[in-house]
Amino acid sequence: MAGTNIKVLLVEDNPGDVFLLQEFLKEVTTVVVDLMPVVRLSEALNYLAKEIFDVILLDLSLPDGQGLETFVITHNHAKATPIIVLTGIDDETLAIRAMQQGAQDYLLKGQVTGDLLVRSMRYAIERQRADNALRQSEERFRVALKNSPIFVYNQDMELRYTWVYNPSNGLTVEEMLGKQDLDIIPVEDAQHLITIKRGVLTTGIGTREEVSITIKDSTRYYDLTVEPLRNESQEVVGVTCASIDISERQAALRERKLAEEKIREQAALLDVTTDAICVRDLNNQIIFWNKGAETLFGWQATEACGKNASELLFDEPSPEIEAALLQVISKGKWQGELTKLTKMDKEILVASRWSLVCDEQGKPKSILTVDTDITEKKLLEAQLFRTQRLESIGTLASGIAHDLNNILTPILAGAQLLPLKFPNIDERTRHLLEILEINAKRGADLVKQVLSFARGVEGKRITLQLRHLIMELAKILKETFPKSIEISTDVPQDLWMVSGDSTQLHQVLMNLCVNARDAMPSSGILSISAENLLIDENYARINLEAKQGPYTVITIFDTGVGIPREILDRIFEPFFTTKDVAQGTGLGLSTVLGIIKSHGGFVNVYSEPGNGTSFKVYLPAVEGMETITPEELLPQRGHGELILVVDDEVAIQEITRTSLEAHNYKTLIASDGMEAIALYAQYRDKISAVLMDIMLPSLDGLTAIRTLQKINPQVRIIASSGLTSDNKLSAVAAIGVNTFLSKPYTVNELLFSLQKVLS
């Protein structure tokens with residue numbers, strides 16, 4: 001069919017019917033029909049041998065052909081050409097039989113119109129093209145299967161074979177069609193196959209397994225894939241299976257296991273040593289792992305054997321390891337100190353000795369490694385060095401304290417005398433002199449503090465209102481920090497009081513603020529806020545250093561570069577610093593932690609590279625001060641609502657689940673955004689609210705929230721994070737989430753947030 005032209009062969013012996021069809025087609029203006037009428041079947045076959053037609057209109061009652069045989073002969077001579085059967089009312093049954101044999105359509109002569117005829121011819125041509133394409137695809141599929149070792153077949157709901165190609169086990173297609181597995185293979189093997197296939201029929205989910213079939217004392221192994229076979233309505237009507245013979249691969253695997261077993265037997269005596277002994281092949285695959293290695297690294301031998309040693313014991317490839325491998329292969333041995341990872345991702349330091357093992361012909365075949373744990377030894381050395389350094393700092397501080405006080409005395413005196421000598425100075429100058437006096441006093445106090453730190457003497461404790469300390473600090477920061485850094489404070493008037501040393505606490509806040517400044521070299525926001533917090537039992541379980549009772553919490557947040565995850569756990573170590581030698585000693589945060597712990601408090605830090613850092617300082621509030629009564633804090637219990645809790649920290653998952661279920665809520669737990677979306681899609685009608693951590697692996701919380709809102713625009717969400725930056729809060733609010741729960745949170749805070757969103 002070219003453009004709007006249709007070339008038609010009309011096989012009809014009734015001149016009246018031919019005339020009517022020609023007249024009908026003249027009325028059609030959308031297409032040009034090139035009609036070739038013939039009255040006999042033999043004439044039609046002659047034309048089909050010489051010319052190609054787009055469609056054939058065939059009457060089944062002809063002078064030289066009657067009934068279904070007429071169609072069969074025509075169809076065999078023109079398999080690629082669609083045939084439409086023309087029939088009288090009495091022949092309708094015959095026409096339907098012709099369609100079952102491959103006709104594309106049939107038309108009743110008394111009901112034909114021009115438009116109907118053209119439409120039927122067009123549909124017939126398109127259907128024929130689709131059939132031809134399908135046949136070609138099936139032929140390519142058959143050719144591909146013919147040249148592959150894959151045995152493929154279909155089975156119906158009763159697991160009878162309905163289609164078979166490339167049969168295995170020496171059986172033919174004819175021997176398998178219509179039969180079940182029990183009819184052709186041993187009962188035990190057949191039952192195993194039936195169990196697998198019935199599982200797919202029941203669940204509608206495909207599976208892949210290794211199976212074995214034993215025939216005449218010969219066992220063959222197969223990689224079997226079973227998928228559900230569905231009809232046009234997507235109903236499961238059977239299974240389609242593909243099977244590959246993997247017997248040779250299994251035999252090779254058994255031989256390798258026997259060789260490994262021999263090595264293990266020969267090395268059994270090595271298990272009595274406390275050193276970690278490992279044997280690996282030249283591809284770095286572990287083939288022996290003794291008890292000492294299990295104890296040191298945490299991996300059982302069954303877990304370690306067969307794994308790549310570098311992937312199991314090292315965080316990432318390093319030039320040091322590659323150099324060691326080259327040396328042991330070229331010289332036969334290597335030894336040195338290496339940092340390795342345990343199963344719990346804990347770094348340990350080992351003295352490692354490598355030896356090359358050769359076969360009987362002298363060819364290298366494996367590497368023997370003996371590791372001795374020297375972590376504790378190195379730790380003790382480091383502690384000794386730190387102690388000596390601290391003693392040196394104390395000696396130095398004692399020696400210079402007198403001179404420093406002599407330097408600070410005239411500065412302090414001058415700052416106090418100048419306002420008396422010049423009573424009419426402007427307000428800004430007076431303010432600068434106040435700052436000078438305050439900092440001179442602070443300098444003198446810091447000298448005492450350094451001495452206290454070096455000698456281990458606690459400072460003087462008094463009852464403090466931290467609000468005054470914070471406001472005084474903010475005034476100093478605004479005068480001394482770059483103008484590109486915006487400093488804001490948020491301290492309530494009813495902030496609870498604490499018992500502490502003002503100089504030490506001032507030093508804590510100043511250290512944290514200076515670190516925040518250094519994290520914002522260009523510009524940014526430094527926020528200092530405070531709040532009252534009543535810590536309950538559940539909160540204390542999440543934070544092991546916390547105790548039940550009232551706390552005053554100071555939060556110092558910056559919008560700086562953030563702290564990389566890999567060093568976040570080390571920032572409080574003495575002398576650990578990421579700054580240049582001239583810029584930091586690494587004592588700042590260790591001093592902060594020491595001071596806060598000596599006050600009975602603790603410090604939490606939350607950071608995200610590129611999105612800032614938040615330090616939360618928790619100090620016990622003074623007993624007997626005004627607190628919120630339990631009646632005021634008592635929230636309402638739930639009514640069996642289902643809450644989806646999304647958090648990647650297992651401890652927080654468990655505590656939140658326990659807290660909610662204790663207050664008559666039900667919970668679902670997800671560890672990342674992808675799992676949360678899947679669970680919500682499954683239980684959408686049952687979930688009342690979602691508690692979503694913003695910082696999640698795989699798929700972040702904000703993206704997961706947007707996806708849940710697409711599934712259900714009315715979804716109720718509580719966003720949660722330990723990093724409460726303005727940017728993060730703005731991003732959460734921008735997607736329509738107005739309830740934010742800051743980590744760590746108390747049970748009551750969680751329950752009140754739930755009441756808010758559920759109401």
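Thresholds, definitions, all that
- Counting from 1, residues in each chain are numbered in the order their sequence is written.
- Predicted model: local features are reported for residues with pLDDT of at least 70 only, side-chain atom pairs are reported and counted for 80 or more only, and whole-chain, interface and lining totals are derived from all residues.
- Note: side-chain values were computed over all heavy atoms of the structure, leaving out hydrogens and water.
- Paired rings are identified among Phe, Tyr and Trp, the last through its six-membered ring, by centres lying within 6.5 Å, and are further divided according to the angle between planes into stacked (under 30 degrees), edge-to-face (over 60) and tilted (the rest).
- Here's how the labels work: a residue is buried when its accessible area is under 20% of the maximum for its type, exposed when over 50%, partly exposed in between, all with a 1.4 Å probe on protein chains only.
- Only DSSP runs of H or I reaching four residues or more are called helices, and only runs of E reaching two or more are called strands; each is numbered from the N terminus.
- Working rule: Lys NZ or Arg CZ, within 6 Å of ring centre, within 35 degrees of ring normal, means a charge sits over the ring.
- Residues enter a patch when their relative accessible area is above 30% and they make no salt bridge; the linking distance is 9 Å between like charges and 5 Å between nonpolar side chains (Val, Leu, Ile, Met, Phe, Trp, Tyr).
- Each accessible area is a Shrake-Rupley result for a 1.4 Å probe, and residues are judged covered by the shown protein chains and nothing else.
- The working definition used for a salt bridge is a side-chain nitrogen of Lys or Arg within 4 Å of a carboxyl oxygen of Asp or Glu.
- As used throughout, the charge tally considers Lys and Arg to be positive and Asp and Glu to be negative, leaving His and the chain termini uncounted.
- Just so you know, the charge point we use is NZ for Lys, CZ for Arg, CG for Asp and CD for Glu.
- Pairing between strands is defined by DSSP: at least two bridges between the two strands are required.
- Working convention: axes come from line fits to C-alpha atoms, limited for helices to the stretch in contact. Angles between N-to-C directions cover 0 to 180 degrees.
- In this description, contact between two residues means that some pair of their heavy atoms is separated by no more than 4.5 Å.
- Pairs of cysteine sulfur atoms within 2.5 Å are identified as disulfides in what follows.
- In this scheme, a helix's expected span is set at 1.5 Å multiplied by one less than its residue total.
- Note that the arc is defined by the directions from the helix axis to the C-beta atoms.
- pLDDT measures the predictor's confidence residue by residue and takes values from 0 up to 100.
- Under this scheme an angle from 65 to 115 degrees is roughly perpendicular, one under 35 degrees roughly parallel, and one over 145 degrees roughly antiparallel; angles in between are oblique.

## Considering the packing of aromatic side chains
Within the structure shown, the criterion is met by 7 aromatic pairs. Here the aromatic rings of W289 and F297 are separated by 5.7 Å at their centres, their planes lie at 40°, and the arrangement is tilted. Assessed through its relative accessible area of 2%, F297 is described here as buried. Centre to centre, the rings of W334 and W354 are 5.0 Å apart; their planes meet at 55°, and the pair counts as tilted. Residue W334 is located in strand β15 (residues 333-341), and its partner W354 is located in strand β16 (residues 347-358); the two are separated by 20 residues in the primary sequence. In this structure an aromatic cluster arises from ring pairing among F151, Y153 and Y161. Across from the ring centre of F53, 5.1 Å away, lies the NZ or CZ of K7, which sits over that ring. Above the face of the F481 ring, R517 is positioned so that its terminal group lies 5.3 Å from the ring centre.

## Observations concerning a negative patch on the surface
A surface patch of negative charge is lined by D315, E316, D345, E347 and E566. For D315, the location among the structural elements is in the loop between α12 (309-313) and α13 (319-331). On the basis of relative accessibility, which here comes to 65%, the residue D315 falls in the exposed class.

## Looking at the sheet that holds strand β25 (residues 642-646)
Pairing within the open sheet is parallel, and its 5 strands lie in the order β26-β25-β27-β28-β29. The open sheet has two edge strands with one neighbour each: β26 (666-670) and β29 (740-742). In this sheet, adjacent strand axes meet at a mean angle of 20° when their direction is disregarded. In the sheet, strand β28 (residues 717-721) pairs with β29 via 3 bridges, with the strands oriented parallel. Residue pairing in the sheet places A719 in a bridge with F740 of β29. Its contacts with the sheet put helix α23 (residues 673-683) on β25, β26 and β27 (687-693), and the angle it makes with β26 is roughly 140°. Contacts from helix α24 (residues 701-711) reach β27 and β28 within the one sheet, and its direction differs from that of β27 by about 160°.

## Thoughts on the state of the cysteines
Applying the stated criterion to the full structure yields 0 disulfides. Free of any disulfide, C278 has its nearest neighbouring cysteine sulfur in C305, separated by 8.0 Å.

## Some thoughts on helix α8 (residues 187-203)
Over its 17 residues, α8 runs 24 Å from end to end, which matches the ideal 24 Å to within 8%, given 1.5 Å per residue. Within α8 the residues assigned to the buried category are D189, A190, L193, I194, I196, K197, V200 and L201. Across the axial projection of α8, the buried residues extend over an arc of 165°, all falling on one side. Of the residues in α8, the exposed ones pointing more than 90 degrees away from the buried face are V187, E188, T195, T202 and T203. Summarising the contacts, the buried residues of α8 are in contact with β8 (151-156), β9 (161-165), α7 (181-184), β10 (207-215), β11 (218-230) and β12 (236-245). Positive phi shows up at G204, right after α8, with a value of about 75°.

## Section: the sheet that holds β8
Spatially, β9-β8-β12-β11-β10 is the arrangement adopted by the 5 strands of the open sheet, whose pairing is antiparallel. Each edge of the sheet is formed by a strand with only one pairing partner; in this case those strands are β9 and β10. Pairs of neighbouring strands in the sheet enclose a mean axial angle of 25°, with direction left out of account. Together, β8, β9, β10, β11 and β12 form the strand contacts of α8, whose direction differs from that of β10 by roughly 160°.

## Things to note about the confidence of the model for the chain
With 83% of its residues at a pLDDT of 70 or more, the chain shows a mean pLDDT of 81. For residues 451-457, every residue scores under 50 in pLDDT, and the model assigns this stretch 8 contacts once sequence neighbours within four places are set aside. Of the regions scoring below 50 in pLDDT, residues 624-632 engages in 8 contacts with residues more than four places distant in sequence or in other chains.

## Notes on the packing of helix α2 (residues 41-50) against helix α3 (residues 68-77)
Contact geometry of α2 with α3 gives a least axis separation of 10 Å together with a crossing angle of 10°. One way to sum up the angle between α2 and α3 is to call them roughly parallel. Where α2 approaches α3, its residues L41, L45 and L48 are matched on the opposing element by T70, I73, T74 and H77.

## A few points about α2
For α2, every residue scored as buried is listed here: L41, A44, L45 and L48. With its buried residues spanning 100° around the axis, α2 presents them on a single face. Turned more than 90 degrees away from the buried face of α2 sit A49 and K50, all of them exposed. Considering only its buried residues, α2 is in contact with β1 (5-11), β2 (32-38), β3 (55-59), β4 (61-62) and α3.

## With respect to the pattern of salt bridges
Following the criterion strictly, the structure yields 11 salt bridges and no others. With a closest N to O distance of 3.4 Å, E158 and R160 form a salt bridge. Residues D275 and R353 are paired through a salt bridge, measuring 3.7 Å at the closest nitrogen-oxygen approach. Placement of the pair is D275 in the loop between α9 (247-266) and β13 (276-281) and R353 in strand β16, with a sequence separation of 78 residues. For R353, a relative accessible area of 29% corresponds to the partly exposed category.

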